[in-house]
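Close look at the chain arrangement
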Amino acid sequence: RHNTYTFEALQESAQYLLDRVKMRPKIGIICGSGMEQNELCPGSLADSLGNKQCFPYEEIPHFPVSTVTGHQGQMVFGYLQGVPIMCMQGRFHYYEGYPLWKCAMPVRVMKLVGVTHLIATNAAGGLNPTYKVGDIMMVKDHVNMMGFAGNNPLQGPNDDRFGPRFPPMNKAYNASLLEIGQQVADEMGISDIVHKGVYTCLGGPNFETVAELKMLRMIGVDAVGMSTVHEVITARHCDLTVFAFSLITNQCITDYENHEEANHEEVMDVGKSRQSLLQEYVLRIVMRLRDILDVE
Ligand SMILES: Nc1nc2ncn(CCNC(CO)CO)c2c(=O)[nH]1
């Protein structure tokens, strides 16, 4: 079944929030594993927001509910260094059984709330051999692997009020924001662990086989995850400016001799260990954006 969330339905979701939130966010943030509240990560980016207002997803009309351990499901409104933000604490994944358009619907709600810029974060496996666990990869482009088979959040009737029937994706990741991401890495003295690369999203829930990872490497993928691509496609469709980065939480196993296995626990542990660095990184990027957005 394709998207059944009409523009009007999503307006109801947005209106529910607009009626209850005093401020109007300009930046939307999607917190991936390790960036949001959970039993392993006591603090979280969303927690550091000033005078917060939290809305559990089940309270918001038409919102799905997150079912992954460690992905708390709530929308948090607040201020980061004076910049009005709305932050998805926990996201929806295809492997939970939600179609891609449902996973990505919060992006459309952000658009209807008035957001103009999206920062999407995720945890990913490092395919590029120069990446180490704990590194950050700014996404410069993606391979929409699931889209190759036509599994796309935009399939089905197009509503022009969101965007065009055939949206371009060649400039999905904003060049100026990538430049800001690099400058922030330099000023934080972490440019040795910050990279720019190509991300791809697989459906999951299983991690990849060696053969699959070898193939992905051959086509130029640097990091692999189970999110973000469909959210970015949806964001670009409705003309949000996008910046995305991955926290590399394990090195993908691309030879048959290596018997290590990827696991969710290590993903969460690495996320926890990099929590404060990632928060600092996002905070500084948001501060740079504040000047561009001339936020009052
Ligand atoms: N090799 C590999 N390493 C990874 N580390 C995080 N993720 C993103 C998927 N995260 C899932 C499971 O941790 C939870 O959403 C992946 C992945 O998809 N593949």
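Each remark here, short or long, concerns the structure printed above.
If you're wondering where the values come from, they're calculated on a predicted model, not measured in any experiment. (Residues numbered from 1 in each chain as written. Predicted model: local features only at pLDDT ≥ 70, side-chain atom pairs only at ≥ 80, totals over all residues. Heavy atoms only, no water.)

Focus on the pattern of salt bridges
- With the rule as written, the count across this model stands at 10 salt bridges.
- Across the salt bridge formed by D239 and R236, the nearest N and O atoms sit 4.0 Å from each other.
- Since its relative accessible area comes to 53%, D239 is described here as exposed.
- A salt bridge links R284 to E280, with the shortest nitrogen-to-oxygen separation between them at 2.3 Å. Taken together, the residues span about one helical turn, with R284 and E280 both in helix 8 (residues 275–293) at a distance of 4 residues.
- On the basis of relative accessibility, which here comes to 27%, the residue R284 falls in the partly exposed class.
- Here E280 falls in the partly exposed class, since its relative accessible area comes to 29%.
- Each of E187, E280, R284 and R288 takes part in salt bridges that share partners, so that together they form one network. (Salt bridge = Lys/Arg side-chain N within 4 Å of Asp/Glu carboxyl O. Buried < 20%, exposed > 50% of the residue type's maximum accessible area, 1.4 Å probe, protein only. Helix = DSSP H or I, 4+ residues; strand = E, 2+ residues; numbered from the N terminus.)

Description of the site of the ligand
- Inspection of the region around the ligand gives 16 residues, with Y95, E208, T249, N250 and H264 positioned closest.
- In the environment of the ligand, an oxygen atom lies 2.5 Å from a nitrogen or oxygen atom belonging to the side chain of Y95.
- The backbone of A123 places a nitrogen or oxygen atom 3.5 Å from a nitrogen atom of the ligand.
- Among the elements of the structure, strand 5 (117–126), strand 8 (223–225), strand 9 (241–251) and helix 7 (264–273) are those that each provide at least two residues to the shell around the ligand.
- Ranked by residue count, the leading element in the shell around the ligand is strand 5, at 3 residues. (Near = heavy atom within 4 Å. Polar contact = N/O pair within 3.5 Å; in protein donor to acceptor, adjacent residues only side chain to side chain.)

Concerning the environment of P168
- Along the polypeptide, P168 turns up in the loop between helix 3 (145–148) and helix 4 (175–188).
- For P168, a relative accessible area of 59% translates into the label exposed.

Here's the deal with helix 6 (residues 229–237)
- Counted residue by residue, helix 6 has 8 buried out of 9 residues, so it is predominantly covered.
- What helix 6 keeps buried is the set V229, H230, E231, V232, I233, T234, A235 and H237.
- For helix 6, the elements touching its buried residues are strand 1 (27–31), helix 2 (100–113), strand 5, strand 6 (136–143), strand 7 (194–201) and strand 9. (Contact = heavy atoms within 4.5 Å.)

Notes on the side chain of N144
- Its place among the elements puts N144 in the loop between strand 6 and helix 3.
- A relative accessible area of 16% means that N144 is categorised as buried.
- Those residues within four positions of N144 in sequence are excluded, and the remaining contacts are N152, V229 and I233.

Description of the packing of aromatic side chains
- The tally for this structure, following the rule as stated, stands at 10 aromatic pairs.
- Where F92 meets Y98, the ring centres are 5.7 Å apart and the plane angle is 75°; that geometry is what we call edge-to-face.
- Residue classification places Y98 among the buried positions, given a relative accessible area of 14%.
- Put simply, the rings of Y57, F63, F92 and Y98 pair up and form one aromatic cluster.
- Looking at R20, its charged tip hangs above the ring of Y16, at a distance of 3.6 Å from the centre. (Phe/Tyr/Trp six-rings, centres within 6.5 Å; stacked < 30°, edge-to-face > 60°. Lys NZ or Arg CZ within 6 Å of the ring centre and 35° of its normal.)

Details of the nonpolar core
- Judged by nonpolar contacts, the single largest core of 87 residues is most densely connected at I29 and Y281.
- Leaving out residues up to four positions away in the same chain, I29 has contacts with L45, L80, I85, M86, C87, M88, M110, I119 and V282. (Core = buried A, V, L, I, M, F, W, Y, C linked by side-chain atoms within 4.5 Å.)

Focus: the pairing of strand 9
- In terms of residue burial, strand 9 counts as a mostly covered element, since 9 of its 11 residues are buried.
- When strand 5 meets strand 9, the two strands line up parallel, connected through 10 bridges. Opposite A120, over in strand 9, you have A244 as the bridge partner.
- Pairing of strand 6 with strand 9, which is carried by 3 bridges, proceeds in the antiparallel orientation. By the bridge assignment, M137 is partnered in strand 9 with S246. (Pairing = 2+ DSSP bridges.)

Thoughts on the pairing of strand 7
- Across the 8 residues that make up strand 7, a large majority, 7, are buried.
- Where strand 7 meets strand 8, 3 bridges bridge the pair, whose relative direction is parallel. The residue bridging T200 from the neighbouring strand is V224, located in strand 8.
- Of the crossover connections in this fold, the one passing from strand 7 over helix 5 (residues 210–218) to the parallel strand 8 is right-handed. (Right-handed = clockwise from strand over helix to strand, strands pointing away.)

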